[in-house]
Amino acid sequence: MAEQTFVEAIRTALAQAMREDPRVIVLGEDVAEGGPYLATEGLSAEFGTGRVRNTPISENAVCGAAIGAAQAGLRPVVEIMFIDFITLALDQLVNQAAKAHFMSGGQLSVPLVLRTQGGSGGRAGAQHSQSLEAWLTHVPGLKVVMPSSPADAGGLLLSAIADPNPVVFVENKALYFRRAPVPERLTPIPLGRARQLRAGGDLTIVATSRLLGDALTAAARLAQEGIEADVFDPRTLVPLDLDPLVASLRRTGHAVIAHEAVTAGGFGGELAAQLQVAAFDYLEAPIHRVGAPFTPVPMAAALEDAYRPGAEEIYRAALSARRWEGCDEDGAVVAAGVPALPAATHDPPEG
Amino acid sequence: MPETAPRPGRSRAQSALGRDAALELLETMWRIRCFEERVAKLVRNLQLQGLIHLSIGGEGVAAGVCRQLRDDDAVYSGHRAHGHALAKGAPMDRTMAELMGSADGLCRGLGGSMHLVDTEHGLMGATGVVGGNLPLAVGDALAAKLEDGGDRVTVVFFGDGAVQAGHFHESVNLAALWQLPLIFVCENNGMAEFTSRAEHTPVERVVDVVAPYRFDRQTVDGSDVEAVHAAFGEQLRGARRRRGPFLLECLTHRRRGHYEGDQQSYRDALDDAEWAARDPIARLEATARERRWLSAQRAQAIAAAAEEEVERAVERGRGGRALTPDQAARYVYA
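Cut-offs used in this document
- Residues numbered from 1 in each chain as written.
- Chains lettered and ligands numbered in written order.
- Predicted model: local features only at pLDDT ≥ 70, side-chain atom pairs only at ≥ 80, totals over all residues.
- Helix = DSSP H or I, 4+ residues; strand = E, 2+ residues; numbered from the N terminus.
- Rg over C-alpha atoms; globule rule 2.2 N^0.38 Å.
- Buried ≥ 20, exposed ≤ 12 C-beta atoms within 10 Å, placed from the backbone.
- Contact = placed C-beta atoms within 7 Å.
- Axes fitted to C-alpha atoms, helices over the stretch in contact; angles between N-to-C directions.
- Parallel < 35°, antiparallel > 145°, perpendicular 65-115°, else oblique.
- Left-handed = near helix turned anticlockwise from the far one by under 90°.
- Core = buried A, V, L, I, M, F, W, Y, C linked by C-beta atoms within 7 Å.
- Domains from an automatic or database assignment.
- Nonpolar A, V, L, I, M, F, W, Y, C, P; charged D, E, K, R; others polar.
- Expected span 1.5 Å × (residues − 1).
- Pairing = 2+ DSSP bridges.

Caption draft 1: How the structure looks around the overall build of chain B. A tally of regular secondary structure across chain B gives 13 helices and eight strands. Taking 2.2 N^0.38 as the reference for a compact globule, 334 residues should give roughly 20 Å; the C-alpha atoms of chain B span a radius of gyration of 19 Å, in line with that estimate. Based on the C-alpha atoms only, the size of chain B along its principal axes is roughly 50 × 50 × 45 Å. Buried residues in chain B amount to 54% of all 334 residues. Considering only residue pairs separated by 6 or more positions, chain B has 76% of its internal contacts joining residues 24 or more positions apart.

In structure tokens, the structure reads:
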């Protein structure tokens, strides 16, 4: 298996899908030139600018045009360059794409993929660094995919393109140039199948996108201290493959959920709620969440680094879950030998 | 006269609207009129729920445009969609059933008045978000353009209230940039919800808004069905030959409020003479009578047939049942 970067795997999947199905078109800002991360580089040379269409900076109409084209029988892959700009396309995505099949009583379908990328770390400030996937999971009719590796990105993208529903495919810019083995010929990875990356009996860690690598790093460190973790990547948030996560949690009794998004109102809260119902009798500690504090993403390097959740936070949350003793009067977790974790609330952190 | 003003003389000269076409248009307009008057009554009697927007007074646009379209031509409509749906070929009984929330409705009672869809007849969707249909129509027209050798076109209906929204400008730009076979049909009734156009924009005519994009564009009197038919026919021929996007601005009159139940404190009612001059049905009937295409008896028969069809639709709709929640949930994902 040859190694590819995340963007190379995306490009490979797009080219493969376009070769296999003439209905697949790609549109977005600068896609014919490859875009800022070169995810679509070379596609216009092979497939022409009729199928790989540059668009003006009109996220709303471009997203809507992709939906209209999908309703007419094409399979558009539309790119929104930064997930921060999805706000401009949400009317089309939420009010049109997500509801077309339902409101037409099944007459219309929207086989659309909206590719976008989020995540912090680029010192780009709060309008180019967000993780907004939780909003999308709140809308019935949309599917939401968040791959963490090049091979998953390629295989999941093929499934997303073949899916008859609108799929939002959320990449993370910090993963784009990491290399990992990718099959010579990509095969579709079904949406709605979690992947287990590490097996242990003491703790269940569920992490998405960039935090998956950090979860594995934390799990290795925990193992040195005798705590063996199951590590899962749900890979798709909608549909969500809850069963293996529940089965794991029933064995371990402890769970940490980690994502890059702001913790409060994040997808981890939904996942924790679903898990605690299904595994309530088996829980030995509250389900712990790792995410970003309730502030916009700061720009200054030191501030952004402090803001971004990673392996250290997952490690500490895991220890806290394992050594949980109770909560203090303010509701903060008390765990033996673990410094207090920031509360996952809608309050900005105290200065 | 400014370039953009209606030119009835020119339209009439080109119309060549024959007897059969005129009677068909009358029939369509009566079907829409009777349907909507009956809907208004059902709303008043609390027999029909939801947000209902009527197009009484604007039937000429729906009829004049849709009569010339084929089933494979796509129509996108907005919240005031009953007329467009019926004119495009949606069966009246299933349209009424849809408004009533019945599983026999066009959309199985999951869409309702503002979200009528009938893909079999090319009604690709009405939307409750003002102007939200414009980008969708751009995408449909892009798909039409990418079909090799095809000549199907896309038509999008919208009100002048949509023109002040960003997605109108984004859509117009894309359509012009990509030279799409898309006809924008604006029903300019001078009112955006409760306020007059003049309070929303200093640009009186929508044709002027798209001028820089070099659209082929025309303003017609939307109450003059012949003028609508002729102007649209000319644009349709161009669109079938893939000669870029077009805009047809139809000056219409909204006889009723923004929605049924609207108090309409914001405007004065027309008197009967003013209404007769703006009623597309009365006008076409007068023309047809003048040309001896239509007897008084035949005119009454057309209206009566429409009324009967509506009554049958209401009866059928009343017998319908809504989907169960389980059945409805199956339509969330394809």
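Caption draft 2: Structural view of unusual backbone geometry. Residue and element names in this part refer to chain A. Look at the link from Val238 to Pro239: it is a cis peptide, with omega at -5°. Following the sequence through the fold, Pro239 ends up in the loop between strand 12 (236-238) and helix 8 (243-252). At Asp30, a position not held by glycine, the phi torsion is positive, near 65°. In this structure Asp30 comes out as partly exposed when scored by C-beta crowding, with 14 C-beta atoms within 10 Å.

Caption draft 3: Geometry of the packing of helix 1 (residues 6-20) of chain A against helix 2 (residues 43-51) of chain A. Residue and element names in this part refer to chain A. Where helix 1 contacts helix 2, the axes come no closer than 11 Å and their chain directions differ by 60°. Between helix 1 and helix 2, the crossing angle belongs to the class labelled oblique. Crossing of helix 1 against helix 2: the hand is left-handed. Here helix 1 contributes Leu14, Ala15 and Met18 to the contact with helix 2, which in turn contributes Leu43, Glu46, Phe47 and Arg51.

Caption draft 4: Local environment of the nonpolar core. Ranked by size, the top nonpolar core spans 207 residues in total, and within it Ile205, Ala215, Val256 and Ala318 of chain A together with Val138 and Val185 of chain B carry the most contacts. The biggest single contributor to this core is helix 2 (residues 19-44) of chain B, with 11 residues. Looking at this core, you find at least three residues from each of domain 1 (2-182) and domain 2 (195-335) of chain A. Beyond its immediate sequence surroundings of up to four residues, Ala318 of chain A is in contact with Leu203, Ile205, Ala218, Leu222, Ile227, Ala229 and Val256 of chain A.

Caption draft 5: Structural context of the interface of chain B and chain A. Taken together, the contacts link 32 residues of chain B with 33 residues of chain A. Listed by contribution, the elements that provide at least two residues to the side of chain B that touches chain A are strand 2 (123-126), helix 6 (133-146) and helix 7 (166-177) of chain B. At nine residues, helix 6 of chain B tops the list of elements feeding residues into the side of chain B that touches chain A. Tallied by class, residues from the side of chain B that touches chain A come to 18 nonpolar, 11 polar and three charged.

Caption draft 6: Up close: helix 6 (residues 150-162) of chain A. Residue and element names in this part refer to chain A. In this model helix 6 runs 19 Å from its N-terminal to its C-terminal C-alpha over 13 residues, within 8% of the 18 Å that 1.5 Å per residue would give. Counted residue by residue, helix 6 has 11 buried out of 13 residues, so it is predominantly covered. Of the positions making up helix 6, those classed as buried are Pro150, Asp152, Ala153, Gly154, Gly155, Leu156, Leu157, Leu158, Ser159, Ala160 and Ile161.

Caption draft 7: Local environment of helix 11 (residues 311-322) of chain A. End to end, helix 11 of chain A covers 16 Å across 12 residues, agreeing with the expected 16 Å (1.5 Å per residue, within 8%). Along helix 11 of chain A, the residues that are buried comprise Glu313, Ile314, Tyr315, Ala317, Ala318, Leu319, Ser320, Ala321 and Arg322 of chain A.

Caption draft 8: How the structure looks around the domain arrangement of chain A. Residues and elements named next belong to chain A. Partitioning chain A into domains gives domain 1 (2-182) and domain 2 (195-335). Summarising the inter-unit geometry, the C-alpha centres of domain 1 and domain 2 are found 27 Å apart. At the junction of the two partners, domain 1 supplies 24 residues and domain 2 supplies 24 residues. Where the side of domain 1 that touches domain 2 is concerned, the elements lending two or more residues are helix 5 (133-137), strand 6 (143-145) and helix 6. Looking at the side of domain 1 that touches domain 2 residue by residue, the classes come out as 10 nonpolar, 10 polar and four charged.

Caption draft 9: Region of the structure containing the sheet that holds strand 3 (residues 154-159) of chain B. All names here are of chain B. Taken together, the six strands give an open sheet; going across it, the order is 2-1-3-4-8-7, and neighbouring strands pair in parallel fashion. Two strands bound the open sheet, and with one partner strand each, they are strand 2 and strand 7 (216-221). Here the strands of the sheet are splayed against their neighbours by 15° on average, with no regard to which way each runs. Relative to strand 3, strand 1 (residues 74-77) is paired through three bridges, and the arrangement is parallel. When the sheet's bridge partners are listed, Ala74 is paired in strand 3 with Thr154.

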